[in-house]
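# Descriptive analysis of the structure
The lines below spell out each chain.
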Amino acid sequence: VPLMVALNRQVDAGTLDPNERVVLRDGDKTPGSGMLQHLHAGLELTLEDLCTLTIAISDNTATNLLLDRVGLE
């Protein structure tokens, strides 16, 4: 949830666009929960897509990709 809050704050501040696209690479895939680890490299997802996957199914890859863009601060 804190990641979702941070994303929404940056969207509200105009520093991030929820429609910004992130390309999934093989090196991004994280074992554990989620579906992205099973999908093909080159798939484009929006920040909003990543947030949905993070919250709805606890997708580890989506979480890490979102953290890379939103930051840890």
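Remember, predicted model here, so these are calculated numbers, not experimental data. (Residues numbered from 1 in each chain as written. Predicted model: local features only at pLDDT ≥ 70, side-chain atom pairs only at ≥ 80, totals over all residues. Heavy atoms only, no water.)

### Topic: the pattern of salt bridges
The tally for this structure, following the rule as stated, stands at 4 salt bridges. Where Asp26 meets Lys29, a salt bridge forms, and the shortest distance between an N and an O atom there is 3.2 Å. Classification of Lys29 as partly exposed rests on a relative accessible area of 23%. (Salt bridge = Lys/Arg side-chain N within 4 Å of Asp/Glu carboxyl O. Buried < 20%, exposed > 50% of the residue type's maximum accessible area, 1.4 Å probe, protein only.)

### Things to note about unusual backbone geometry
Of note in the backbone geometry, Ser58 takes a positive phi value of approximately 55° without being a glycine. Classification of Ser58 by relative accessible area gives partly exposed; the value is 43%.

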